[in-house]
Amino acid sequence: MGLYPEIEPYDHGMLDVGDGNRVYWETCGNPHGKPALVLHGGPGSGASPTLRRYFDPAAYRIVLLDQRGAGRSTPHAADPATDMGVNTTAHLMADLERLRTHLGIERWLVWGASWGSVLGLRYAQTHPGVVTELVLTAVATGSDPEVALLTRGLGKIFPEAFARFLAELPADERDGNPAAAYSRLLESPDPEVRERAARAWTDWETATIPAPPGSVARFEDPEFRKGFARTVTHYWGHDHFLGEGNDEGVVLRDAHLLKGIPGTLVQGSLDFGNLLGTVWRLHHAWPDSELVIVDEAGHDAGAAGNDVLVAATDRYARPHG
């Protein structure tokens, strides 16, 4: 099956969302098709052209955006003057609603990858009337145990990389929350401190989360690297700005709020997030979801995962979907 052919946007713009932020958006495919919102990962990655290709361009009005501080949105998180205090999950969800209204869309399918799945799930839980379906891959829920696993827990699996990761932190912060400690370094007034911290953070991600070559290559861009690391650690170091939950986190706690929204979850069997069974628990707490595990795939579900994702959007494009 594979992805659909490459396409270009038929419209795009910069939406003023307040707080001095302007968010880049684009629409592709059929202007009269079923609306679909695409949420990129990171947080801080920005939307790539590949994300347009998970949808039949004849059937969908595909909406992509670069979330606050990422990609073509301004101001960029790589700029130390950018105020990260107005970059939270609540701000991002408000931006989605502002964009939906701006585009004259009543309801839309929401597609998300990695952090995009966290944002998509919480958006659907708090705005269920505007979400028709969810299609999520590299599924995460933004819980404290997930962050602890991906920072400190994987140190037992990648001890050499973990030693280098901790070595960049002040000695008195190496036993605490690495994401929060790195977030503080990335807010340093010293550009050299910020650069070393950004490099160390992205080196750790590269070591622990196998990804397509293009994903790793982007870390060689200093501006991307600094903006990405600053945004990820800002969110991970502040509980993803989701508020107080239980041991499993807010999204899993509120999974019952997804009742009535059909969803497809696509997960690589070798994605380290599976060590916590998060996606399995989400699926079983959300009866309207289907879970597809892709054998021998990691955080990126690969070609086989792409086939499942495209099949899902094709199915949801039908009137009875």
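Residues numbered from 1 in each chain as written. Predicted model: local features only at pLDDT ≥ 70, side-chain atom pairs only at ≥ 80, totals over all residues. Heavy atoms only, no water.

Enquirer: How should I be thinking about the pattern of salt bridges in this particular structure?
Expert: Any two side chains of opposite charge can pair, given that their charged atoms come close. Under the defined criterion, the tally for this structure stands at 20 salt bridges. Here Arg 68 ties to Asp 95 by a salt bridge, and the two come within 2.7 Å at their closest N and O atoms. Taken as a pair, Arg 68 in the loop between strand 4 (60–65) and helix 1 (89–102) and Asp 95 in helix 1 lie far apart in primary sequence, 27 residues in all. Asp 95 gets classed as buried once you look at its relative accessible area, which sits at 4%. Beyond isolated ion pairs, a larger network of salt bridges with shared partners links Glu 8, Glu 26, Arg 52, Asp 66 and Arg 72. (Salt bridge = Lys/Arg side-chain N within 4 Å of Asp/Glu carboxyl O. Helix = DSSP H or I, 4+ residues; strand = E, 2+ residues; numbered from the N terminus. Buried < 20%, exposed > 50% of the residue type's maximum accessible area, 1.4 Å probe, protein only.)

Enquirer: What am I meant to see in the side chain of His 40 here?
Expert: Mapping His 40 onto the fold places it in the loop between strand 3 (34–39) and strand 4. According to the relative accessible area criterion, His 40 is buried, its value standing at 2%. A polar contact of 3.3 Å, which involves the side chain of His 40, links it to the backbone nitrogen of Gly 46. Beyond its immediate chain neighbours, meaning those up to four positions away, His 40 contacts Ser 45, Gly 46, Ala 47, Leu 51, Leu 65, Asp 66, Gln 67, Ala 70, Ala 113, Trp 115 and Gly 116. (Polar contact = N/O pair within 3.5 Å; in protein donor to acceptor, adjacent residues only side chain to side chain. Contact = heavy atoms within 4.5 Å.)

Enquirer: Teacher, can you tell me more about unusual backbone geometry here?
Expert: With the exception of glycine, the majority of residues adopt a negative phi angle, and the majority of peptide bonds are in the trans configuration. Of note, the amide linkage connecting Gly 42 to Pro 43 takes the cis form, showing an omega dihedral of -5 degrees. The omega torsion of the bond from Thr 74 to Pro 75 falls at -5 degrees, within 30 degrees of zero and hence cis. For Ser 114, which is not a glycine, the phi torsion comes out positive at approximately 55 degrees. Mapped onto the fold, Ser 114 is located in the loop between strand 5 (108–113) and helix 2 (115–126). The backbone phi angle of Glu 296 is positive, close to 60 degrees, even though this residue is not glycine. On the secondary structure map, Glu 296 appears in the loop between strand 8 (289–294) and helix 11 (302–317).

Enquirer: Would you mind showing me how to read helix 3 (residues 144–151) here?
Expert: Every α-helix winds through 3.6 residues per turn, so residues three or four apart in the chain are directed the same way. Buried within helix 3 are the following residues: Glu 146, Val 147, Leu 149, Leu 150 and Thr 151. Tucked into the core, helix 3 has its buried residues touching helix 4 (159–167), helix 5 (178–185), helix 6 (191–208), helix 8 (222–236) and helix 10 (278–285).

Enquirer: What exactly am I supposed to notice about the environment of Asp 247 here?
Expert: Checked against the element boundaries, Asp 247 lands in the loop between helix 8 and helix 9 (250–253). Residue Asp 247 is classed as exposed on the basis of its relative accessible area of 71%. Taking the C-alpha atoms as reference points, Asp 247 and Asp 144, 103 residues apart in sequence, are found 7.7 Å from one another.

Enquirer: Before we go on, may I ask you to explain the packing of helix 5 against helix 8 in this structure?
Expert: For any two helices packed against each other, the geometry is given by the interaxial angle and the distance between the axes. Two elements in contact, helix 5 and helix 8, have axes whose closest approach is 8 Å; the angle formed by their N-to-C orientations is 135 degrees. Regarding the angle of helix 5 to helix 8, the classification is oblique. Considering only the axes of helix 5 and helix 8, their crossing is left-handed. Facing helix 5, whose interface residues are Ala 179, Tyr 182 and Ser 183, helix 8 presents Thr 233, His 234 and Trp 236. (Axes fitted to C-alpha atoms, helices over the stretch in contact; angles between N-to-C directions. Parallel < 35°, antiparallel > 145°, perpendicular 65-115°, else oblique. Left-handed = near helix turned anticlockwise from the far one by under 90°.)

Enquirer: I'm lost on the nonpolar core in this one. Help?
Expert: Soluble globular proteins tend to pack their nonpolar side chains together in the buried interior. Of all hydrophobic cores here, the largest spans 65 residues; its most connected members are Leu 134 and Leu 282. In this structure, Leu 282 is in contact with Leu 121, Val 139, Leu 252, Ala 255, Leu 258 and Leu 265, ignoring residues within four places of it in sequence. Counting residues in hydrophobic clusters, the runner-up holds 23 residues, among them Val 38, Leu 64, Val 135 and Val 310. (Core = buried A, V, L, I, M, F, W, Y, C linked by side-chain atoms within 4.5 Å.)

Don't take any of this as a statement about function, it's just geometry.
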